[in-house]
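Chain by chain, the residues:
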Amino acid sequence: MYFSDKTVVFVNGKFVQAKDATASLYNQTIHYGNGVFEGIRSYSNPFGTRIFKAKEHYERLRESAKKMHMKFDYSVQDLVDASYELLKKNNLTDAYIRPVVYSGINMKLLPSNESNIFIGGWKWGRYLGNKLLNVTVSPYERPNPHSCHVEAKVTGHYVNSILATTEARKRGFDEALLLDLNGYVAEGPGTNFFYEKNKVLYTAPLGSILAGITRATVMEIAKDLHLEVKEKFFTTDELFEGDSAFFTGTASEVAGIASIDGYKFPLAWENSLGNILAQKYKQLIKTGDYTHSTII
Ligand code: PMP
C-alpha cells in the first residue's frame, strides 16, 4: 500500500528504489524515538499538482529537528523541490508525502552526529474517513510540555497517539480526544480540535498541542469570513454544552464530529460553522493557486 516494486523515494539527496532503501538497526530513532517528521498533502487542481503549504511543513520540520538537536542540512526550498520531483517520478497527484529526519548509528542518550532524511509519497484517502465521528475522551493525556517539546513533530511522541487511538477503538469509538496535563481539552492523536458554541469557535491555545498547519489555515479562513475563533483552555464540561465540533489535520482535513462520549452535538453538521470551514478548506485545496513557485 505504501510502496510497490516501482516506487522511488528520496534518501539523503538521491532518488532510490523504495525496496532498496534501508537504515541500520542500530540507528537511534528506532531505539529511542529521536526523529522528526511531517505529513504533507498534494492535490491535483486547475493550476496543476500542488503541494499544500509545502514551505510551512518543511519549516516546521526544520524547527522540529532544531528542537531535538538533529542536524538539518537542507534548505526548505530544496526539500519542496525534491517533493515535487518525488511526485513526478512516482506519477502521483493527490498524494500524502512523508518526510522523516532520522538519526545515524548511536546508542547513547545524546544526539547523533549523523542525520538522514527520507521522503516517501503514497495515495491516501482522508485519514478519518468521510463520516461524522463518534469520539471518546482518552484516559491518556497528551505528553507533558515540560518533559518534551510538544510543538515539535517528534516520532517518539506518537507512542502516545497510538495508545490513545488503540484504547478508543477497543471501546468502539472512531477516535480519541486527549486532555492536557491540567485536564483541559487539547487535541486528537493526529489532529487539532475545535468546538462551536453560540456561533463562536473555540480551540486550545498552543502549549500542549502541535501547532497544526490546518488549524492555522482554518483560523485564517474563519477570519476572512468574519467568524469568531477564540483560543482558550476549556474543560469537557464546557464541551458537553457545545453545539458542534470537528478535528483538523493535513491527513484528515476538516473532520466533523457527531458525538463525544455519547453527548450528541445538537447542531446538524450541515448547519455548523465546521461545515462552512470544511467546504471552504476543500475549495482552497482543490481550486486554490497556493503555490506560486513550483508547478508541475
Ligand atoms: N496534532 C497532532 C498531534 C498531529 O499529529 C497533527 C498532524 N500533523 C496535527 C495536530 C495537525 O497538524 P497539521 O494540521 O499540521 O497536519
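Cut-off values and rules
Residues numbered from 1 in each chain as written. Predicted model: local features only at pLDDT ≥ 70, side-chain atom pairs only at ≥ 80, totals over all residues. Heavy atoms only, no water. Near = heavy atom within 4 Å. Polar contact = N/O pair within 3.5 Å; in protein donor to acceptor, adjacent residues only side chain to side chain. Areas by Shrake-Rupley, 256 points an atom, 1.4 Å probe, with all protein chains shown as cover. Helix = DSSP H or I, 4+ residues; strand = E, 2+ residues; numbered from the N terminus. Nonpolar A, V, L, I, M, F, W, Y, C, P; charged D, E, K, R; others polar. Expected span 1.5 Å × (residues − 1). Buried < 20%, exposed > 50% of the residue type's maximum accessible area, 1.4 Å probe, protein only. Salt bridge = Lys/Arg side-chain N within 4 Å of Asp/Glu carboxyl O.

(A) Structural view of the site of the ligand. Near the ligand there are 16 residues, and of these Tyr158, Glu187, Ile213, Thr214 and Thr250 occur at the shortest range. Within the backbone of Ile213, one N or O atom sits 2.7 Å away from an oxygen atom of the ligand. Thr214 is positioned with one of its side-chain polar atoms (N or O) 2.6 Å from an oxygen atom of the ligand. Coverage of the ligand by the protein amounts to 96% of the 390 Å² it exposes when considered alone. Secondary structure elements with two or more residues in the shell around the ligand: helix H5 (213-224) and strand S14 (244-249). Here the residues of the shell around the ligand sort into four nonpolar, eight polar and four charged.

(B) Broad picture of helix H3 (residues 76-89). The terminal C-alpha atoms of H3 lie 20 Å apart, and with 14 residues this matches the ideal 20 Å at 1.5 Å per residue to within 8%. For H3, every residue scored as buried is listed here: Val76, Leu79, Val80, Ala82, Ser83, Tyr84, Leu86 and Leu87. Residue Asn91 follows H3 closely and has a positive phi angle near 50°.

(C) Geometry of the pattern of salt bridges. Following the criterion strictly, the structure yields 13 salt bridges and no others. For Lys89, the salt bridge goes to Glu85, with nearest N and O atoms at 3.7 Å. Taken together, the residues span about one helical turn, with Lys89 and Glu85 both in helix H3 at a distance of four residues. Linked by salt bridges that have partners in common, Arg41, Arg126 and Glu253 make up one network.

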